[in-house]
Structures are given as structure tokens and as C-alpha cells.
Amino acid sequence: GAGGETRWAIKSKGHTAADLMTRDVETTRPDERLRAAATRMVEHRRKRLPVVDSGRVVGMLSRTDLLRLLHRDDEDLARDVDALLADPLRAPEHLDVAVAVADGVVTITGTVEHPFDVPVLTAMVWQLPGVVDVRNETTGRTPDPRVGPA
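Residues numbered from 1 in each chain as written. Predicted model: local features only at pLDDT ≥ 70, side-chain atom pairs only at ≥ 80, totals over all residues. Heavy atoms only, no water.

*Asks:* What should I look at first to understand the overall build of the protein in this one?
*Replies:* Across its full length, the protein carries six helices and six strands. Sequence-ordered secondary structure for the protein, helices as α and strands as β, is α-α-α-β-β-α-α-β-β-α-β-β. Counting every position in the protein, which comprises 150 residues, the buried fraction comes to 25%. Of the accessible surface of the protein, which amounts to about 10600 Å², a share of 55% is contributed by carbon and sulfur atoms. (Helix = DSSP H or I, 4+ residues; strand = E, 2+ residues; numbered from the N terminus. Buried < 20%, exposed > 50% of the residue type's maximum accessible area, 1.4 Å probe, protein only. Areas by Shrake-Rupley, 256 points an atom, 1.4 Å probe, with all protein chains shown as cover.)

*Asks:* Help me understand the nonpolar core, please; the structure alone is not making it clear to me.
*Replies:* Nonpolar side chains in soluble globular proteins tend to be buried together. Membership of the largest hydrophobic core comes to 17 residues, with the highest contact counts inside it found for Val-106, Val-125 and Val-131. The biggest single contributor to this core is helix 5 (residues 74-86), with five residues. In contact with Val-106, other than residues within four places in its own chain, are Leu-77, Val-81, Val-99, Ala-100, Val-101, Val-125, Val-131, Asp-133, Val-134 and Arg-135. In terms of nonpolar packing, the next biggest core, distinct from the first, is built from six residues, Ala-37, Val-51, Leu-61 and Leu-66 among them. (Core = buried A, V, L, I, M, F, W, Y, C linked by side-chain atoms within 4.5 Å. Contact = heavy atoms within 4.5 Å.)

*Asks:* Please clarify how the pattern of salt bridges should be interpreted in this entry.
*Replies:* A pair can form between side chains of opposite charge whenever their charged atoms are brought close. Taken as a whole and assessed by the stated rule, the structure comprises eight salt bridges. Between Asp-80 and Arg-72 there is a salt bridge, with its nearest N and O atoms 2.4 Å apart. With a relative accessible area of 31%, Asp-80 lands in the partly exposed category. The closest approach of N and O atoms between Arg-79 and Asp-76, which form a salt bridge, is 2.3 Å. One end of the pair is Arg-79 and the other is Asp-76, both in helix 5 and three residues apart, which spans about a single turn. Arg-79 gets classed as partly exposed once you look at its relative accessible area, which sits at 49%. Connected through shared salt-bridge partners, Glu-26, Glu-32 and Arg-40 make up one network. (Salt bridge = Lys/Arg side-chain N within 4 Å of Asp/Glu carboxyl O.)

That's the geometry; what it means functionally is another story.
Here it is in C-alpha cells:
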């Protein structure tokens, strides 16, 4: 700031909204994925993002909104993970895994058929609302199948 004054000291002398407002504003769109908006909030150290549609502010997304949405009971989250991994149309075949959830952190232990199934499980579980982190400690029982000529 001028003469070594802090930004706060300079702003404290303001008399209008323009004197005090944040000029470098991060925004989000109504159709933006919440994970992307939350990531930007953390990266840019913002507590809230105006939601802008066609150049107009249509709402405000706050950290509190995100936390309220994402906070889930560990038992409910564990049930959702178990159901997801038991779904033969969505999960890799031949899973022999156990799931534990503590404070939104999902830990998966056990074995999967092939090593390439390990990151698939992680990606699947990350998609569930309320997942704070995924610790995938599974291992493959058999090598990945060869693709193409030997």
C-alpha cells in the first residue's frame, strides 16, 4: 500500500462500496459442478462465489452452503458406498472388499480382480456426495490382462 499502509488500513478510510469492494471477483455459473466451484474457492481463498447467469448475479454460493450439502452421516455414506460397489452394472466384477467411513473419509480394503480396477474404485467412490477423501488400500489378485499381441 501507499507509504507502507496495509490494505486493511487503506480500505478502512473508504466511504463508499466502491472504496471497500473486492475487485478481483471469482464467480460461478448455475450449471458448474460443485466440486469445481469448491476447488476454486479454496485455491483463490474465497468464502463465497457470486452465481452469474447471462451477466446477471442470480445467487451466492458460500462455503457454508457447500459444507451443509456435503456433510453426511458416516453410516449413510457407508451404505451408499456398499450399494455402489455391490451394483453389478457399475462396479468391477469379483470384488472382495470392505468399506469403512470415518468423518467422510472412505477407506476401502481387500482385493479386486485386476490392478487396473483399483483406480476405478477410487473414481467411483469420489463421485458420491459427502466423500471427503478416498483411501483405497485394495490390491489386484491377478495381473492385468495383456492387450494386443504378446
